[in-house]
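Each chain, letter by letter, is given below.
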Amino acid sequence: MKKIYIFLSIFVITFAACSDNKNQKNDKPSTNESIKFKDKQTDEYLFASNKHLEPNLHKDSIDKIAKEISKKYDQFIFYCLIDKKPYYCVTKGKEKFDIWTMNFNSEKKFKVGLLDEYLKEIIPVEYDKIYNPNDIIDGGIIVEKNNKRGIYDFSGNLIVEVSYDAIYPSFHQEVLVQVKKDNKFGWIDMQKKEHFDDNSTYSNSPIASDLILKWKTFRNNIIFWRVCQLINDWEDYDNAGMLFTPAYIYELGMMPEYFPSVVMDKSKEYYMGSDSVFAQVVEKKTFGEKVIGFVTDFIETGVEGRGYQMKQQELILVNQELDTISTLVIGYGDANWGDYCFEPFYNFYGDTMIEIVKENHWEYELHSLPKYEYYRIEKNGQIEHLNTNRYFAYTKFVKITEDYFKGCFYYYLEMENDEDFENNIEVYEHLTLEDLDIMRNEIFAEYGMKFNTDKWKVYFEKFDWYQPKYDNVEDKLTEIDKHNLDIILKTSEKLKKDENKYLKKRKDTFYQAG
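Nothing here was measured: the structure is a model prediction, and the numbers come from that model. (Residues numbered from 1 in each chain as written. Predicted model: local features only at pLDDT ≥ 70, side-chain atom pairs only at ≥ 80, totals over all residues. Heavy atoms only, no water.)

Caption draft 1: The overall build of the protein chain, seen in detail. Regarding its fold elements, the protein chain presents 7 helices and 30 strands. Counting over 514 residues, the protein chain shows a buried share of 51%. Once local pairs closer than 6 in sequence are excluded, the contacts in the protein chain between residues at least 24 apart make up 53%. (Helix = DSSP H or I, 4+ residues; strand = E, 2+ residues; numbered from the N terminus. Buried < 20%, exposed > 50% of the residue type's maximum accessible area, 1.4 Å probe, protein only. Contact = heavy atoms within 4.5 Å.)

Caption draft 2: A look at the nonpolar core. Judged by nonpolar contacts, the single largest core of 53 residues is most densely connected at Ile-123, Val-160 and Val-177. Not counting residues up to four positions away in its chain, the partners in contact with Ile-123 are Gly-113, Leu-114, Ile-130, Ile-141, Val-143 and Tyr-152. With 43 residues, the next largest nonpolar core counts Val-398, Tyr-404, Leu-436 and Leu-485 among its residues. (Core = buried A, V, L, I, M, F, W, Y, C linked by side-chain atoms within 4.5 Å.)

Caption draft 3: Focus on the sheet that holds strand E11 (residues 148-153). With antiparallel pairing, 4 strands are arranged side by side in an open sheet as E9-E10-E11-E12. Each edge of the sheet is formed by a strand with only one pairing partner; in this case those strands are strand E9 (129-130) and strand E12 (158-164). Two strands pair when backbone bridges link them, and strand E10 (residues 140-145) and E11 are joined in this way by 6 bridges, in the antiparallel orientation. What sits directly across from Glu-144, in E11, is Arg-149. (Pairing = 2+ DSSP bridges.)

Caption draft 4: Here's a closer look at the packing of helix H4 (residues 433-446) against helix H5 (residues 454-461). It is the contact of H4 with H5, at a shortest axis distance of 11 Å, that shows an interaxial angle of 70°. Between H4 and H5, the interaxial angle falls into the category roughly perpendicular. Residues Glu-434, Asp-437, Ile-438, Asn-441, Glu-442 and Ala-445 of H4 form the contact with H5, whose own contacting residues are Lys-455, Trp-456, Tyr-459 and Phe-460. Looking at the contact of H4 with H5, its residues break down into 5 nonpolar, 1 polar and 4 charged. (Axes fitted to C-alpha atoms, helices over the stretch in contact; angles between N-to-C directions. Parallel < 35°, antiparallel > 145°, perpendicular 65-115°, else oblique. Nonpolar A, V, L, I, M, F, W, Y, C, P; charged D, E, K, R; others polar.)

Here is the structure:
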């Protein structure tokens, strides 16, 4: 059976401080003498020294700046350093910004804007949301108001009007960004002019033109170029960052909308939160004429007491306008998911069904057993879970081959010493005769067949779903059932001659950290 295995990382997103390697001197005098932006002796901004990151502002400087900002604005929520120049995000309004609930759009009781190094308002405080700098184009900051988006540069020039439903990265030299408005796709050229031309390839949606597959190479594999420093009441506030996922990414369901606690400096004695993210589009597939799907990987690493790596793989179905119809989590868990030798995988059957194996059937008593799940994909893009009570679910939905019986299966051996892990598992490469007997009889049991032997009566009566009603269920079997019963019987006959030849039993050592 062809298995499509999960790749771990293309489309790499690494969190970094909001600063740049360029060493530019700003000779513009301060317009506010009450704020000591620069050190009098060195004429440099008051940066904290850090060999791992670009410098951050000293706490004393931030306190002074925050005090001055509070005279005109209601809240100072984070800052960025771009080309060693600070930019301050501020709010006006009754409601406070909450970094944990990220209530940017909750009833819009406050507005956000951006100040430059001299506290000049370069982005008016009238927007519902400001995204991370440089997240689609270098030198640009995307803003959002009433669900419409546009782009400012760092000088406060509005280079893309705030009138678009979505803004996407472009990979054409003649195109600044691709845009969407009223379900039509167009582009902004390098002269900042808008175009909607149905005859141009630039007007194809990113998924129709396969540009979505290039997102993984966007800006040399880096999507989020900067992360803003949070300003809060923590003693270690200078080690906490904020990252906003570009709208075109999170609205499709590829990643969370934001990361409220980003580790800025791992050399600190105390730090908790995310420190890196990996994401990629694994595969694109069409489902009929109107539905397009793509599989994505998302991995987050960080620290919460100890290091962690979390991974999610997802199928996302959209229409031609890139509106999400439905999503399906294919796998979720530790980034090193699987256990001893089991790897999650998925497999499409035409454009109507997906087969998923994302975990073990832990309730199966004999040994580890991959848990197969099946979902029907409707023509309208809706996803329906196909139910079965069988441990070996594939016997209900797929005409199998003997490859389904092969793999990696293990069980724990009883050890005299609980702390002795040496050779604590027995592993084999094929299902046993007992497995095949269970597989065969659970097909009959699901249709309500009465068993004559005590062994199978006792075995199936422990399941709530088993309702013995019929002496014979041959008339209820599907063509898939009949095919699979034949494969099971033929394979069982082979194993009866020499089971060990197929199982290839061996002992090994395996334990999982608690």
